[in-house]
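A look at the structure
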Amino acid sequence: MVRHQQNGDATLLRQEFETLEQNGITGVALPRIGDPDVIPLWFGEGDLVTPAFIREAAKRAIDDGLTFYNHPSGRAELLTAIKAYLERLYDIDLDPDRLVVPGSTMLGIFMAARMVAGAGDHALIVSPNWPNIDRAFQMTGAEFGFVRQRLGPDGWSLHLEDLFDAVRPNTRALFVNTPCNPTGWVMTAADQRRLLDYCRERSIVILADEVYHRNIFDGDAAPSFLQVAGPGDPLIVINGFSKAFAMTGWRLGWMVVPSGYREQMAAYSECANTGAPPIVQSAGIAALEQGEPLVQELRARYRAGRDSVMQILAPHPRIALQMPEGAFYAFPRVQGLSSSLDFSRGLLAEEDVGTAPGFTFGPGNEEHFRLCFARSGEQLETALHRIVSYLDRHDNEFG
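This write-up is about the structure you can find in this document. Keep in mind it's a predicted model, so treat the numbers as computed, not measured.

1. Structural notes on the sheet that holds strand β9 (residues 171–177)
Pairing is mixed across the open sheet formed by seven strands, whose spatial order is β4-β12-β11-β10-β9-β5-β6. Of all the strands in the sheet, just β4 (99–103) and β6 (143–148) have a single pairing partner and so form its edges. Between one strand and the next, the sheet's axes are offset by a mean angle of 20°, whatever the strand orientation. When strand β11 (residues 235–240) meets strand β12 (residues 253–256), the two strands line up antiparallel, connected through four bridges. Its bridge partner being in β12, Asn239 is matched across the sheet by Trp254. Sheet contacts for helix α4 (residues 76–90): β4 and β12; angle to β4, the most-contacted strand, approximately 120°.

2. Some details on the pairing of strand β5 (residues 122–127)
Burial within β5 is extensive, with six of its six residues counted as buried. Residues His122, Leu124 and Val126 point to one face of β5 and Ala123, Ile125 and Ser127 to the other, with burial holding for every one of them. Summarising the sheet, β5 and β6 pair through six bridges and their orientation is parallel. By the bridge assignment, Val126 is partnered in β6 with Val147.

3. Points about the sheet that holds strand β18 (residues 369–372)
If you walk across this open sheet you meet the three strands as β14-β18-β17, and the pairing is antiparallel. In the strand order of this sheet, the two ends are held by β14 (329–330) and β17 (356–357), each with one partner. Judged from the two bridges that link them, β17 and β18 form a sheet pairing that is antiparallel. Considered in β18, the bridge of Pro357 is made with Phe369.

4. Description of the packing of aromatic side chains
The relation between two aromatic rings is expressed through the spacing of the ring centres and the mutual angle of the planes. Taken as a whole and assessed by the stated rule, the structure comprises 16 aromatic pairs. Taking the centre distance of 5.5 Å and the plane angle of 80° together, the rings of Tyr212 and Phe328 count as edge-to-face. Of this pair, Tyr212 sits in the loop between β10 (205–209) and β11 while Phe328 sits in the loop between β13 (319–320) and β14, and the two are 116 residues apart along the sequence. Each member of the pair, Tyr212 as well as Phe328, carries the same accessibility label: buried. Taken together, a centroid distance of 6.4 Å and an interplanar angle of 40° make the contact between Phe217 and Phe373 tilted. One end of the pair, Phe217, is in the loop between β10 and β11; the other, Phe373, is in the loop between β18 and α13 (377–393), and 156 residues separate them in sequence. Both residues of the pair, Phe217 and Phe373, belong to the buried class. Every member of this aromatic cluster is reached through a ring pair, and the members are Tyr85, Phe241, Phe245 and Trp254. Taking NZ or CZ as reference, Arg306 lies 4.2 Å from the ring centre of Phe217, over its face.

Definitions and limits used
- Residues numbered from 1 in each chain as written.
- Predicted model: local features only at pLDDT ≥ 70, side-chain atom pairs only at ≥ 80, totals over all residues.
- Heavy atoms only, no water.
- Pairing = 2+ DSSP bridges.
- Helix = DSSP H or I, 4+ residues; strand = E, 2+ residues; numbered from the N terminus.
- Axes fitted to C-alpha atoms, helices over the stretch in contact; angles between N-to-C directions.
- Contact = heavy atoms within 4.5 Å.
- Buried < 20%, exposed > 50% of the residue type's maximum accessible area, 1.4 Å probe, protein only.
- Phe/Tyr/Trp six-rings, centres within 6.5 Å; stacked < 30°, edge-to-face > 60°.
- Lys NZ or Arg CZ within 6 Å of the ring centre and 35° of its normal.

The quantities given are spatial measurements derived from coordinates; they are silent on function.
Set out below in structure tokens:
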């Protein structure tokens, strides 16, 4: 709905901005954020504070006077640490000139969308997807559509033929998040290679959000497009520190762009955020260089959370839920649910459990809701039992 008008029907600001709406997660959460009675499973973070060794690195940076502007692409020490980290994980040789650290991972996604799509272009989003992704494309002025993962007996999967059938002559960008928020689907290396081959032939740029690359339950890291792509391929990989190192509030991420764009990316980062804060970058260096034990600790914690979800929630007769392969979310389907927003609001009002309504994750998800299982075990189990109680109490309201 257009909120502001000038000179009759003309909008004051760009139409894409005038029609921008809050996503369904914050719509449910904002009225009760910070309420100590609520068990908050709505956002994508756990309840562990960022570990001391990372916080101490930031404190030292403050004491060392790192309070000035720095290179808009990122401090050389951080770019070196990211290069070493990715090469260690994926056995690749990465040119550091392809790296840029503009600020948060979401800022990187927004920048990437603007880099490849604009008015007259078309983009595709692999869905279910985090709702701010379609808002990022909305602000480019491009048209965009969704290609939905399929839910089968073995879990969620993306049929590449569905995606290929949705491509138009003016399709310029494809967004894919793997491991996926909210479904937990993980794209295989074979499918990554096949998709890249297809996009290379058609000059379609893949925007690969790999921020959950360490939140995987089979192996040490999820397959990355960087393992199958060359330096000049149509690929932008966006990643960051929030999910792997319990650093959601630090707002620090990186991008890997095709070779040859170092100058443009520095200029773009300067316009967008003047580069990430140097103090925060110091924390990122510590995370990459010292954080492997933390990654393993968090993985064990999230695996226990996933087990609790599958033991307590999955057996409910109203629930259809397959075990997620990665990330730290469950995306249950409540059979017969007509309004996921009403469900999340009712659960919050009656049980003090905060969840995210399914509708906000793209078309076809009205029967779903999302919960984050990255919480402490006792608190998570309490929340899950409350969800079961709510389902039982309202069973006659489902179709």
